[in-house]
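Residues per chain, in single letters:
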Amino acid sequence: GIVGAGVAGLMAAEELKELGYADVVVFEAGHRVGGKVCSIPRPEMQRRAMEGGTVFFVPSPCWTRALVRAGVGGDVVSLPPLRVADVSTGKTYDPLHAPSPHSTWQRLREVGRAKSLVGRARRGLGPAIGPDVPAEHAQPMGAYLAAQNLEFVREVLLPVAAGAQLGPLAGTVPAVYALRLLAMLDRVGSWRQWTCRMPQLVCAHQEPWEALAARHDVRLGARVVSVERGRTIQVRTRDGRETPVDRLFWAAPPSDLLSAVDLDEEERAVFSSVRTVARATMLCRVRGLPRGVCWAPTYGADGVPDAHPA
């Protein structure tokens, strides 16, 4: 059994199927698959969809195999060139030409040092994030960049990250997550990194996950309300249905796990320590901006605030 039909849950189902497990069921509380991948149909657009979740694609062997299994083409296009629109001043700029007192030489030197730090972090990070994360990587990304004297990188990275829906990096998200993301972007090549023209799947991003879900027993609207552990595991969903499973993978928010499973004190302490950031996507029509540009709206150096002005 797998709880959650997002990216993690569906990839777990795929890997189990490849290992020969024939009887796998995926419980999904919502009425669609894909989790944070959310393509909003827009038939009038060339892509026929607006991405309300992930906006770019990073190639990897695991994901490429999944695309082949799903029978979905892995063709990619480049996102349009990125420009930042500072709502507080009304000015727009290329990220690497952000308003800054730093000279061109200082900017290039900081970017080089930042890439070196990302490389060192990539080699030092293990396969999982645990209590052995260095203290400097546990602090918020904004504080980490300031401690490394990377003020120009901070001025560039934080607004772009906020505009790209990557969350409030400045004061909330630990540096280790941002370093992992930047290390992962090494796969897309220096030209894409420097120009911020990330690869995007030609198809809507949710389409591959829907195709993968069709290969499995995915039960939509099956919110798990209780899990009883014994010789077998009894999974009860909101509709009153009970399903016995031998093993259960939890690929859903930890808060749901805390309410559904009778955890002992040690287990509850572990899962209670997992932090999540709630997010929502607002879709609106903006007139007057040139076409063929990927706009990242921001409010000052630290990115998007918790509450947008009306």
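These notes cover the structure that comes with them. (Residues numbered from 1 in each chain as written. Predicted model: local features only at pLDDT ≥ 70, side-chain atom pairs only at ≥ 80, totals over all residues. Heavy atoms only, no water.)

## Quick word on the overall build of the protein
- Counting its regular elements, the protein contains 11 helices and 14 strands.
- Dimensions along the principal axes, computed over C-alpha positions, put the protein at roughly 65 × 50 × 40 Å.
- Out of the 310 residues in the protein, the part that is buried amounts to 37%.
- Here the analysis covers contacts within the protein between residues at least 6 apart in sequence; of these, 69% occur between residues at least 24 apart.
- Accessible surface, the protein as shown: approximately 18,000 Å² in total, 56% of it carbon and sulfur.
- Across the protein, the 37 positively charged side chains and the 31 negatively charged ones have centroids separated by 7 Å. (Helix = DSSP H or I, 4+ residues; strand = E, 2+ residues; numbered from the N terminus. Buried < 20%, exposed > 50% of the residue type's maximum accessible area, 1.4 Å probe, protein only. Contact = heavy atoms within 4.5 Å. Areas by Shrake-Rupley, 256 points an atom, 1.4 Å probe, with all protein chains shown as cover. Lys, Arg positive; Asp, Glu negative; His and termini not counted. Charge placed at Lys NZ, Arg CZ, Asp CG, Glu CD.)

## Concerning the nonpolar core
- One finds Leu 10, Trp 63, Trp 209 and Val 218 to be the most contacted residues of the largest nonpolar core, which totals 22 residues.
- Elements that contribute at least two residues to this core include exactly α1 (7-18), α2 (61-70) and α9 (207-213).
- Dropping the residues within four chain positions of it, Trp 209 is found in contact with Val 7, Leu 10, Met 11, Val 33, Gly 34, Val 37 and Trp 63. (Core = buried A, V, L, I, M, F, W, Y, C linked by side-chain atoms within 4.5 Å.)

## Digging into the packing of α1 against α2
- α2 packs onto α1 with a crossing angle of 75° between their chain directions and a minimal axis gap of 11 Å. Comparing the axis directions of α1 and α2 gives the class roughly perpendicular. Residues Met 11, Glu 14, Glu 15 and Glu 18 of α1 form the contact with α2, whose own contacting residues are Cys 62, Arg 65, Ala 66 and Arg 69.
- Each residue belonging to the contact of α1 with α2 can be placed in one class, and the counts come to 3 nonpolar, no polar and 5 charged. (Axes fitted to C-alpha atoms, helices over the stretch in contact; angles between N-to-C directions. Parallel < 35°, antiparallel > 145°, perpendicular 65-115°, else oblique. Nonpolar A, V, L, I, M, F, W, Y, C, P; charged D, E, K, R; others polar.)

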